[in-house]
Structures are given as C-alpha cells and as structure tokens.
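# A structural walkthrough
Each chain is listed here by its residues.
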Amino acid sequence: MDKMKIGIVLYPTFGGSGVVATELGKALAKKGHEIHFITYSQPVRLGSFRENIFYHEVAVSDYPLFEYQPYETELASKMVDVVKYEKLDLLHVHYAIPHASAAFMAKQILLSQGIKIPYVTTLHGTDITLVGKDPSFEPVITFCLNQSDAVTAVSESLKKDTLEHFKTKTEVHVVPNFIQIMDEDANQVQLIRQRYALDNEPVLCHISNFRKVKRVEDVLLIFNEVNKKIPSKLLLVGDGPERANLDSLCRQLNLCDRVIMIGKVRDTAHVLGISDLFLLPSETESFGLAALEAMAMSVPVISSNTGGIPEVNVHGVTGFLSNVGDVSDMAQNAIKLLESDSLLSKFKMNALNRAKDFSLEKVLPLYERIYKQVLSK
Ligand code: GMT
C-alpha cells in the first residue's frame, strides 16, 4: 500500500509532541498520504488550507453532571467515527495518556463492528516520566503499550526509561524527532536583529513552556554571568507556570533592560535566526526538540547533560553539556564561545551540520516503514 489514510491524534498546543505530530502529518500529506488530525482544537503549527489534510475537532461536552469532562471517551468516539467514515488505514497517536488508551478503546469498538484498525503509539517523554511521579498511571500505560501495534520513542534515552518503568512486551522502536532545514534571508534577519540588539551585542535565546522541568531560572542565572562579562541580550520565548518567578528574578537581578520576554510565538525560526546561542538547562528532556530547532538555524546549544539531549547536542562540537543545575559551568561555556568569533562560527556550522542528521528526509521513511509493517501484520 503506497498511499495511506492516517489518523493522527495529538495535543494541539505549543508542546514538542504536538509540533512533531503536526509537522509529521504535514510532511506525510505532501508525499501524497491522506492525513486526518484528531484533537480538541486546531493544532498550533497546522497553518492554513493544505492538500490531503483534514482536521476533526473533538467537541468536549459541558454537562453539569460531570465535575471532570470525559475527554478520553469523546476522543475514542471521534476516532471511531473518523476511522469508519473516512476509511482510515491506521491511527498514529502521539503521547500515551489518554491517546493510547482512547485508541485501544476505539480499536475494540471498531473490531466489534468488523473493522480492523491498527494503532501506532509514539512516546514523547513526559508521558513516561509522569509515571515516576504518579504510579497510578502505570497499569493503564503498560496495557496500552502492549496493545499498540507498534511503539516508538523519540530517543534511545526515552526507550531506556520506558523499558525501566514498564513491562512492555511490544518492541520500542527509536524514531528521533526531525527538522526541516530552512534558508533564512540574511538581510531580513539583520533588520530584525537590529530591533533587539546592538551589532556587537550577542543574542542568547531560550524557548520553552516555562514549566519547572525547564529550569528557566537557571537560564536567567546563566545569562546574568554572561552579561557581566560580555554585555548581551536574552530573548525569552514562551510562557507558562514559572513566568511569575522569572519576572521577579529578572527584576531582582536588575536585568529587565537586557531580557526581552517575547511570549508565545508560533514560528520560532525568526527568533532563532537572530540568536547566537541557545540555552536549554532542563532538569530532563526526552529529546530536546527546541535544541534541534536552534541547531537547524545554526545556533549552538548550551545545555544540561540529561535524557536525550546528548543524542542531539554534541559536547564540544555543536555546543556544550553540563551537569543539571551547574549554571556556572554553562555560563563559562557560553562565554568561551562568545569570546571567540572563529570558535562561534565553527560551532554554528557544526550545529547546522548535526541538525541535518535529523532531517525530515531521513526520519519520515522510518515512520512510513513502521506503518507498512503494522498494516502487513
Ligand atoms: O517538554 C515539554 O514540556 C513538552 C513535551 C511534550 O510532550 O510536548 O515535550 C516532550 O516531547 C518533545 C517532543 O518529542 C521532546 O523534544 C521534549 O524533550 C519532551 N519533554 C520532556 O521530556 C520534558
């Protein structure tokens, strides 16, 4: 079967899993597959009208009887409807909770009606690490993984974590996240840069959802050290629960005129296009898509050495890795790069070259192969 009809279930928000799922669907559609996105609101990266792409919204009902709305049930019902009437070949669910369990339910309902639909589950990280914090999810996730026709994880590190936390019988395939390398118009980039920094001021950048796991306060502490040595600017992109703490630390450190809080941005390429270094001091990352997006824009990465990050950011080549929380080492590494134009240029080139190992062209066939295997079972 060359062209497939695929249902992609995802979180439509700014999070990495939603971005990967949306970009995957867009790329598959471009290759001629028919893609049906199923989720509760328009995915952030979906954009406008495109050939072969359909979006099915899960309406979350608001009955006064329910204190908590049964999203999983509504999602499973929508999956049944879309599979049946759009005649889908398979479902690909991103994130285990509740997408894999809803897929299992949909699969069983359809089976009772004589329709066989396989589902592929992609683990993105927090779906697995969450279990470390709340073991009550374990039996549901283990069951859904074992019922999946295929399971993929976005890094070797996440595969290892999955095998440690769950008694999975299904093989876990590693399919790394991917990136589309884009050419930025250098003149345009220069014009935008001038609005944020002087020509001789390096621009550092951090993009995340400002959750605790991102250690955004470390971003400010690193920047504070760098800025003392080399007057610079910091672009902070995103928003989230740590924003208030960040605001007060920024004021406390007297950095407000140096730090630019941009807020949520749909397309981060322009911000990265004017950046010299990317900071990712996370507590953990199954992959670190934000780091790969930075590298694809020739931005070296100063990060923590945790989870799947070392599979993306190569120490001493595309950036530097430090122990989680070691802000002074991260600051020293940033200064080392910013102090030498030739070193920075070399790292910028290395970052772009490394990002090409994760190009869409390389990764897309891995998913297509898994789809074909599942359909031929
Ligand atoms: O990191 C987040 O807060 C968002 C989260 C998500 O589920 O969207 O990201 C996870 O999936 C991304 C895409 O595969 C990975 O690049 C991130 O590393 C991973 N986050 C964590 O493991 C904390």
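It should be emphasised that the depicted structure is a prediction, and the values quoted were computed from it without experimental measurement.

Definitions and cut-offs
Residues numbered from 1 in each chain as written. Predicted model: local features only at pLDDT ≥ 70, side-chain atom pairs only at ≥ 80, totals over all residues. Heavy atoms only, no water. Near = heavy atom within 4 Å. Polar contact = N/O pair within 3.5 Å; in protein donor to acceptor, adjacent residues only side chain to side chain. Areas by Shrake-Rupley, 256 points an atom, 1.4 Å probe, with all protein chains shown as cover. 1 Å grid on protein atoms, 1.4 Å probe; cavity = no way out; pocket = protein on both sides within 12 Å on 5 of 7 lines; lining within 4 Å. Sits in = over half its atoms within 2 Å of the grid points. Nonpolar A, V, L, I, M, F, W, Y, C, P; charged D, E, K, R; others polar. Domains from an automatic or database assignment. Salt bridge = Lys/Arg side-chain N within 4 Å of Asp/Glu carboxyl O. Helix = DSSP H or I, 4+ residues; strand = E, 2+ residues; numbered from the N terminus. Buried < 20%, exposed > 50% of the residue type's maximum accessible area, 1.4 Å probe, protein only. Pairing = 2+ DSSP bridges. Axes fitted to C-alpha atoms, helices over the stretch in contact; angles between N-to-C directions. Contact = heavy atoms within 4.5 Å. Phe/Tyr/Trp six-rings, centres within 6.5 Å; stacked < 30°, edge-to-face > 60°. Lys NZ or Arg CZ within 6 Å of the ring centre and 35° of its normal.

As a structural note, the neighbourhood of the ligand is formed by 17 residues, with Ser17, His124, Asn209, Arg211 and Glu285 the closest of them. Within the side chain of threonine 126, an N or O atom sits 3.3 Å from an oxygen atom of the ligand. Asparagine 209 places a polar side-chain atom, nitrogen or oxygen, 2.6 Å from an oxygen atom of the ligand. In the complex, the protein chains occlude 93% of the 490 Å² of accessible area that the ligand would expose alone. According to the grid-proximity analysis, the pocket containing the ligand is the largest pocket. Residues of the shell around the ligand, tallied by class, amount to 4 nonpolar, 10 polar and 3 charged. Both domain 1 (5-178 + 359-376) and domain 2 (186-358) contribute no fewer than three residues apiece to the shell around the ligand.

Moving on, we come to the pattern of salt bridges. All chains considered together, the criterion is met by 20 salt bridges. Arginine 215 is the partner of glutamate 283 in a salt bridge, and the nearest nitrogen-oxygen pair spans 2.8 Å. Linking glutamate 283 in the loop between strand 11 (277-280) and helix 11 (289-296) with arginine 215 in the loop between strand 8 (203-207) and helix 8 (216-229), this pair joins segments that are 68 residues apart in sequence. Glutamate 283 gets classed as partly exposed once you look at its relative accessible area, which sits at 39%. One salt bridge connects glutamate 225 with lysine 228, and the closest N-O pair in it is separated by 3.3 Å. A residue pair is termed a helical-turn pair when its members lie 3 or 4 positions apart in one helix, as glutamate 225 and lysine 228 do in helix 8 at 3 residues. For glutamate 225, a relative accessible area of 32% gives the class partly exposed.

The next subject is the sheet that holds strand 9 (residues 233-237). With parallel pairing, the 6 strands of this open sheet are ordered in space as 10-9-8-11-12-13. For this open sheet the edge positions go to strand 10 (259-263) and strand 13 (319-322), each flanked by a neighbour on one side alone. Averaged over all pairs of adjacent strands, the angle between their axes in this sheet comes to 20 degrees, without regard to strand direction. Taken together, the 4 bridges between strand 12 (residues 301-304) and strand 13 define a ladder with parallel strand orientation. In the strand pairing of strand 13, serine 303 is matched with leucine 321.

In sheet architecture, strand pairing relies on hydrogen bonds along the backbone and comes in two forms, parallel and antiparallel. The strand order across the open sheet formed by 7 strands is 3-2-1-4-5-6-7, and the pairing between neighbours is parallel. In this open sheet, the two strands that pair with only one neighbour each are strand 3 (53-57) and strand 7 (172-174). Across the sheet, the mean angle from the axis of one strand to that of its neighbour is 25 degrees, orientation sign disregarded. Each of strand 1 (5-9), strand 2 (34-39), strand 3 and strand 4 (90-94) is contacted by helix 1 (residues 16-30), which is oriented at about 155 degrees to strand 2, the strand it contacts most. Each of strand 1, strand 2, strand 3 and strand 4 touches helix 2 (residues 71-86); the most contacted strand, strand 2, lies at about 160 degrees to it.

For the structure on display, the rule yields 6 aromatic pairs. Summarising the aromatic geometry, the rings of tyrosine 367 and tyrosine 371 are spaced 6.5 Å apart at their centres and angled 25 degrees between planes, so their arrangement reads as stacked. Here the residue tyrosine 367 and the residue tyrosine 371 both occupy positions in helix 14 (residues 360-376), the gap between them amounting to 4 residues, near one helical turn. By the burial criterion, tyrosine 367 is buried, and tyrosine 371 matches it. The positively charged end of lysine 336 is found above the aromatic ring belonging to phenylalanine 320, 4.6 Å away from the centroid.

Note that all results are geometric; they support no functional claim without further evidence.
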